[in-house]
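A structural walkthrough
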Amino acid sequence: MYNQAEQCIEQYPFTVSQTSKGRGALICSTECGEKVLKEYKGSAARAEILYEVACFLKQQGIRTDVIIKTAEQSCLSGSEEDGFYLMKDWYSGRECDTKSREDILFAVRKLAELHACLKSYGGEIPEFLWVSEQALTEEFEKHTREIKKVRNYVRGKKKKNAFEEKFMETYEKFLVQAEEVLEGLKRQEKQKENAQWKEMYGLCHGDYNQHNIVFAKEGMAIINFEQMHYDIQVGDLAHFMRKILEKHNWNTGLGMDMITAYDAKKKLSKMECEQLYLRLSYPEKFWKIANHYYNSNKAWVSGRDIEKLEKIVIQEKARQQFLQMLFYFVK
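Residues numbered from 1 in each chain as written. Predicted model: local features only at pLDDT ≥ 70, side-chain atom pairs only at ≥ 80, totals over all residues. Heavy atoms only, no water.

Observations concerning the pattern of salt bridges
Convention followed: Salt-bridge detection follows one rule: a side-chain nitrogen of Lys or Arg within 4 Å of a carboxyl oxygen of Asp or Glu. Helix and strand definitions here come from DSSP, where helices need a minimum of 4 consecutive H or I residues and strands a minimum of 2 consecutive E residues; each element is numbered from the N-terminal end. Think of it in three bands: with a 1.4 Å probe and only protein chains considered, a residue is buried below 20% of the maximum accessible area for its type, exposed above 50%, and partly exposed in between.
Enumeration over the complete set of coordinates arrives at 26 salt bridges. With a closest N to O distance of 3.4 Å, K110 and E113 form a salt bridge. Placement of the pair is K110 and E113 together in helix α3 (residues 101-119), with a separation of 3 residues, close to one helical turn. Look at K110 and you get partly exposed, because its relative accessible area is 24%.

Describing helix α9 (residues 270-281)
Note the cut-off: Given a helix with a known number of residues, its expected span is that number minus one, times 1.5 Å.
Between its first and last C-alpha atoms α9 spans 16 Å; for 12 residues at 1.5 Å apiece the expected length is 16 Å, and the two agree. Across the 12 residues that make up α9, a large majority, 10, are buried. Considered for burial, the residues of α9 that qualify are M271, E272, C273, E274, Q275, L276, L278, R279, L280 and S281.

Examining the nonpolar core
Here is the rule we go by: To define a nonpolar core, start from buried Ala, Val, Leu, Ile, Met, Phe, Trp, Tyr and Cys residues and group those joined through side-chain atoms within 4.5 Å. We call two residues in contact whenever any of their non-hydrogen atoms come within 4.5 Å of each other.
In terms of nonpolar packing, the biggest core is built from 61 residues, with L57, F240, M241, M258, L280 and F322 touching the most fellow members. In terms of residues, this core owes the most to one element, α3, which gives 9 residues. Excluding its chain neighbours within four sequence positions, the residues that come into contact with L57 are I62, T64, L114, C117, L118 and F225. Grouped together as the second largest cluster of nonpolar side chains are 24 residues, V150, Y171, V181 and V301 included.

Looking at the state of the cysteines
Let me state the cut-off plainly: By convention in this document, the label disulfide applies to cysteine sulfur atom pairs within 2.5 Å.
Across all of its chains, the model carries 0 disulfides by this definition. Free of any disulfide, C273 has its nearest cysteine sulfur in C204, 16 Å distant.

Looking at the sheet that holds strand β10 (residues 213-216)
Condition: What makes two strands pair is DSSP finding at least two bridges between them.
Ordered in space as β4-β11-β10-β8, the 4 strands form an open sheet in which the pairing is mixed. Edge positions in the open sheet fall to β4 (63-64) and β8 (93-95), since each of these has one partner strand only. With 4 bridges connecting them, β10 and strand β11 (residues 219-222) associate as antiparallel partners. In the sheet register, A216 faces β11, and the bridge partner there is G219.

Observations concerning the packing of aromatic side chains
For the record, the criterion: Aromatic pairing here means that ring centres of Phe, Tyr or Trp (its six-membered ring) are within 6.5 Å. Orientation follows from the plane angle: under 30 degrees is stacked, over 60 is edge-to-face, and everything else is tilted. Counted as over-ring charges are cases with an Arg CZ or a Lys NZ within 6 Å of the ring centre that also lie within 35 degrees of the ring normal.
On inspection of all chains with the given rule, the structure shows 18 aromatic pairs. Ring geometry for F163 and F167: centres 6.5 Å apart, planes at 20 degrees, overall stacked. Pair noted here: F163 and F167 are both in helix α5 (residues 162-189), with a separation of 4 residues, about one helical turn. Here F163 matches F167 in class, with each residue buried. An aromatic cluster of at least three residues, connected via ring pairs, comprises Y153, F163, F167, Y171, F174, F286, Y293 and Y294. We note R94 situated over the ring of F215; from NZ or CZ to the ring centre the distance is 4.7 Å. In this structure, R319 is placed above the aromatic ring of W250, and the distance from its NZ or CZ to the ring centre is 5.8 Å.

Overview of unusual backbone geometry
Positive phi is not limited to glycine here, since Q73 has a value of about 65 degrees. Locating Q73 in the fold gives a position in the loop between β5 (67-68) and β6 (77-79). Residue classification places Q73 among the exposed positions, given a relative accessible area of 55%. For N249, which is not glycine, the phi torsion reads 50 degrees and is therefore positive. Along the chain, N249 falls in the loop between α7 (234-247) and α8 (252-265).

Considerations on helix α10 (residues 284-294)
F286, W287, I289, A290, N291 and Y293 are the residues of α10 that are buried. In this structure, the buried residues of α10 make contact with α4 (135-155), α5 and α11 (303-330).

Focus: the side chain of T64
For T64, the position within the fold is in strand β4. Look at T64 and you get buried, because its relative accessible area is 2%. Here T64 is in contact with A54, L57, D89, Y91, I222, I223 and F225, once residues within four sequence places are set aside.

Digging into the packing of α5 against α10
Formally: To get an axis, a line is fitted to the C-alpha atoms, and for a helix only the part in contact is used. The angle between two axes follows their N-to-C directions and goes from 0 to 180 degrees. Working definition: roughly parallel below 35 degrees, roughly antiparallel above 145 degrees, roughly perpendicular at 65 to 115 degrees, and oblique for all remaining angles. Here a crossing is called left-handed whenever its near helix is offset anticlockwise from the far helix by less than a right angle, and right-handed whenever the offset is clockwise. Lys, Arg, Asp and Glu make up the charged group, whereas Ala, Val, Leu, Ile, Met, Phe, Trp, Tyr, Cys and Pro make up the nonpolar group; the residues left over, Gly among them, are polar.
With their axes 12 Å apart at the nearest point, α5 and α10 run at an angle of 140 degrees to one another. One element, α5, and the other, α10, form an angle in the oblique class. For the crossing formed where α5 meets α10, the hand is left-handed. Touching F163, E164, F167, T170, Y171 and F174 of α5 are F286, I289, A290 and Y293, all from α10. Of the residues assigned to the contact of α5 with α10, the class counts are 8 nonpolar, 1 polar and 1 charged.

With respect to the packing of α7 against α8
Across the interface, α7 lies against α8 with an axial gap of 11 Å and an inter-helix angle of 155 degrees. As summarised for this structure, α7 and α8 are arranged roughly antiparallel, according to the angle between their axes. Once α7 is placed against α8, the crossing between them reads as right-handed. On α8, the residues touching L237, F240, M241, I244 and L245 of α7 are L254, G255, M258, I259 and Y262. For the contact of α7 with α8, the class distribution of residues is 9 nonpolar, 1 polar and no charged.

Structure below.
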């Protein structure tokens, strides 16, 4: 990457005085401040809309890593043969601390502000950013079929190892959860003409997690919008909450505080609360572990897979307590 990166740097209208390696990227010191150069796998059209949205966010006071254009006013440097790169603003600081309640709630409030701001974006949103209204249901249906496939495979084995025994003990309750979520999503989809359904949609970050939230001296910055799409915005909130709550044993108090923090900045409708409940109710972690087992060498089961399965079983009581509280909040 670094030889190609040096060639890319020459395409920008500033001088890079020093470089250092970052996470899969090159941090560059310039007379215009610190920038970061990273490989880019998307299309030129996607890069253009990322640039336009980032400029809009910056105008609205939301710090983000705006793409720097080359001397020829292109969002991309490099070539089709050697690969394309993005140069973006760089914020030197620390990631969101997933152990800090203060960081977590601040990040949730900023997400609500981001969503409210993105709702007001007046530019054209290209078709390739739009996510199908049935996409989540289809994704969860696929996951559920995969869970059943693992069940059928394990059930057919005469001699079962420790992971397989534990899987069969817990399979039924997680399958019931998966099917209940699918029923709930299909009920919601029938209300597509409802104004609340349409109001749920807007531009989403697409990968809102602790690594993309930077506490810098200039203030908090939200970075790495490469997965941005047009979809139900609380999907970002559900994604972040799941990551955090798994690390906090599904702490009900923290979970409800996160929802309250978001709601204080951007009011959640009843349908959005239901959507959040359904997304968090799907047994995603169980599916991931089962799918990893099925697609790996089954002759040797990883002790890590057994540990992960045991952990989600232990966490399940706390997860259900949180979901029950969220269910009452929804109603």
